[in-house]
Amino acid sequence: MVDIHCHILPEVDDGAWDLETAMEMARMAVHSGTNRIIATPHFQGVPESLEQIPYIFHQYRQLQSAIQREKLELELLPGAEILCVPQTLELARMGQLPTLGNSKYVLTEFYFDASWEFMDATLEGLRALGYQPIVAHPERYGAIQRDPHRASSWFERGIVLQVNKGSVLGAFGRRAEETAVRLLYRGNVHVIASDAHSPERRTPDMTAVREWAREHLGREYTKILLEDNPGRITRGRPMCQVRRG
């Protein structure tokens, strides 16, 4: 499996709090069948956040070296989860947004109470500037919970939708679970990712969600969600899709 959304870098955000914790998360991911992870620390989408990038890359290289020393069969790639605010498009125009694995893909998030109009305009603005946005956990946004067809319209326009494993498994409440499952049953999701933050809660272990997906969605769609599409993101390639009606 390939995990495109994981807060595994040590001492960067609210994810792994030190290097040993990050390594514990890496071992857990490998044990569950993940062989590639994009590290996606939180990144505030404002110009001042550019000052964080050298430190983020230092921590990325530190973890990458530790993985190599331990000979874990895990490829670590650089990335970020960008909080989209009004200034974010300014960074995008400057070509300064951190992307996933040096591709055109950018992992975006919004405040949970963000308006549909702001989210939609920001995503279209990023596309117009040459980025390929991925919406992290659309099922957790109030505007999408109230009307999941809005997320389906993103899907139809080629905006990538990434659902959290925790939402599918009920960790973020009934509304997030119902919205995630509804989108999955429609075939309107490209990727499931861990959004892991620790080895104890919100972990990188993808075993349970893989089993859930195989039971409820079938092996073909499960493979697309957990292997094919996230793998394509790491290579900068377009998504493949399954339509379920």
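Reading guide: rules and limits
Numbers given to residues run from 1 along each chain, matching the order in which its sequence is written. With the structure being a predicted model, the display of local features is reserved for residues of pLDDT at least 70 and the display and counting of side-chain atom pairs for 80 or more, all residues being used for whole-chain, interface and lining totals. Only heavy atoms go into the side-chain values, all of them from the structure, while hydrogens and water stay out. A pair of aromatic rings is counted whenever rings of Phe, Tyr or Trp (Trp by its six-membered ring) have centres within 6.5 Å, and the orientation is called stacked for planes under 30 degrees apart, edge-to-face for over 60 and tilted otherwise. Secondary structure elements are defined from DSSP: runs of H or I of at least 4 residues count as helices, runs of E of at least 2 residues count as strands, and each element is numbered from the N terminus. Residue exposure (1.4 Å probe, protein chains only): buried if accessible area is under 20% of the type maximum, exposed if over 50%, otherwise partly exposed. The rule for a charge over a ring is simple: NZ of Lys or CZ of Arg within 6 Å of the ring centre, and within 35 degrees of the ring normal. A 1.4 Å probe that fits into a set of points on a 1 Å grid over the protein atoms alone but cannot get out defines a cavity; an open set with protein on both sides within 12 Å along at least five of seven lines defines a pocket, and lining residues are those with an atom within 4 Å of a point. Grid points are joined across faces, edges and corners, and a volume is the space filled by probe spheres set on the points. As a working rule, the residues Ala, Val, Leu, Ile, Met, Phe, Trp, Tyr, Cys and Pro are called nonpolar, Asp, Glu, Lys and Arg charged, and the rest polar, with Gly in that last group. Between N-to-C directions, angles cover 0 to 180 degrees, with each direction set by a line fitted to C-alpha atoms, over the stretch in contact for helices. Any angle that falls under 35 degrees is termed roughly parallel, while one over 145 is termed roughly antiparallel, one within 65 to 115 roughly perpendicular, and all others oblique. Two helices that cross are described as forming a left-handed crossing if the nearer one is turned anticlockwise from the farther one by less than a right angle, and a right-handed crossing if clockwise. Contact criterion: two residues are considered in contact whenever any of their non-hydrogen atoms come within 4.5 Å of each other. A strand pair is defined by DSSP finding two or more bridges across the two strands. A carboxyl oxygen of Asp or Glu within 4 Å of a side-chain nitrogen of Lys or Arg is what we treat as a salt bridge. Pairing of N or O atoms within 3.5 Å defines a polar contact, subject to two protein rules: one partner must be a possible hydrogen donor and the other a possible acceptor, and residues neighboring in sequence count only if both atoms are side-chain atoms.

Student: How would you explain the packing of aromatic side chains if you had to name every residue and give the values?
Tutor: Going through the model one piece at a time under the given rule, you end up with 6 aromatic pairs. Seen in terms of ring centroids, Phe112 and Tyr141 are 5.8 Å apart; in terms of plane orientation they differ by 40 degrees. Their pairing is tilted. Pair noted here: Phe112 is in the loop between strand 6 (105-109) and helix 4 (116-128) and Tyr141 is in the loop between strand 7 (132-136) and helix 5 (142-146), with a separation of 29 residues, a long-range link. Residue Tyr141 is classed as buried on the basis of its relative accessible area, which comes to 0%. Arranged with centres 5.1 Å apart and planes meeting at 25 degrees, the rings of Trp116 and Trp154 form a pair that is stacked. Highlighted residues: Trp116 in helix 4 and Trp154 in helix 6 (residues 149-156), separated in sequence by 38 residues. No difference in accessibility class separates Trp116 from Trp154, as the two residues are buried. The side chain of Arg140 reaches across the aromatic face of Phe172, ending 3.8 Å from its centre.

Student: How would you explain the layout of surface pockets if you had to name every residue and give the values?
Tutor: A volume near 160 Å³ is recorded for the largest pocket. Taken together, 13 residues line the largest pocket, and the ones lying closest to its centre are Phe57, Pro78, Gly79, Pro98 and Thr99. Among the elements that line the lining of the largest pocket, the one with the most residues is helix 2 (residues 53-69), at 4 residues. Taken together, the residues of the lining of the largest pocket break down into 10 nonpolar, 3 polar and no charged.

Student: Lay out the packing of helix 8 (residues 174-186) against helix 9 (residues 207-217) in plain terms, naming residues and giving numbers.
Tutor: The contact between helix 8 and helix 9 brings their axes to 11 Å, and the two run at 50 degrees. Here helix 8 lies oblique to helix 9, going by the angle between them. Seen from above, helix 8 lies across helix 9 with right-handed handedness. Contacts between helix 8 and helix 9 pair Val181, Leu184 and Tyr185 from the former with Trp212, His216 and Leu217 from the latter. In terms of residue class, the contact of helix 8 with helix 9 is built from 5 nonpolar, 1 polar and no charged.

Student: Please give an account of the sheet that holds strand 5 (residues 81-83) that cites residues and values.
Tutor: Ordered in space as 3-5-6-7-8-9, the 6 strands form an open sheet in which the pairing is parallel. Strands at the two margins of the open sheet, each flanked by one partner only, are strand 3 (42-44) and strand 9 (191-193). For this sheet, the mean inter-axis angle between neighbouring strands, taken without regard to orientation, is 35 degrees. Summarising the sheet, strand 3 and strand 5 pair through 3 bridges and their orientation is parallel.

Student: Explain the sheet that holds strand 1 (residues 2-6) residue by residue, including any values.
Tutor: Pairing is parallel in the open sheet, where 3 strands are placed in the order 1-2-4. Only two strands of the sheet have a single partner each, and these edge strands are strand 1 and strand 4 (75-78). Adjacent strand axes in the sheet meet at a mean angle of 25 degrees, parallel and antiparallel pairs treated alike. Both strand 1 and strand 2 (residues 36-39) contribute to a ladder of 3 bridges, which runs parallel. The residue of strand 2 that forms the bridge with Val2 is Arg36. Helix 10 (residues 219-234) contacts strand 1, strand 2 and strand 4 of the sheet and is inclined by roughly 65 degrees relative to strand 1.

Student: Before we move on, could you go through the pattern of salt bridges and cite the residues and values that matter?
Tutor: Summed over all chains, the structure comprises 10 salt bridges. Glu124 serves as the salt-bridge partner of Arg127, at 3.2 Å between the closest nitrogen and oxygen. With Arg127 and Glu124 both in helix 4 and 3 residues apart, the pair spans about one turn of that helix. A residue is classified by how much of its surface remains accessible, and Arg127, at 28% relative accessible area, is partly exposed. Several salt bridges share partner residues, and in doing so they unite Asp120, Glu124, Arg127 and Arg157 into one network.

Student: Go over the side chain of Asn229, please, and point to the residues and values.
Tutor: Assignment of secondary structure puts Asn229 in helix 10. The exposure class of Asn229 is buried, given its relative accessible area of 0%. Among the polar contacts listed, one links the side chain of Asn229 to the backbone oxygen of His190, at a separation of 3.0 Å.

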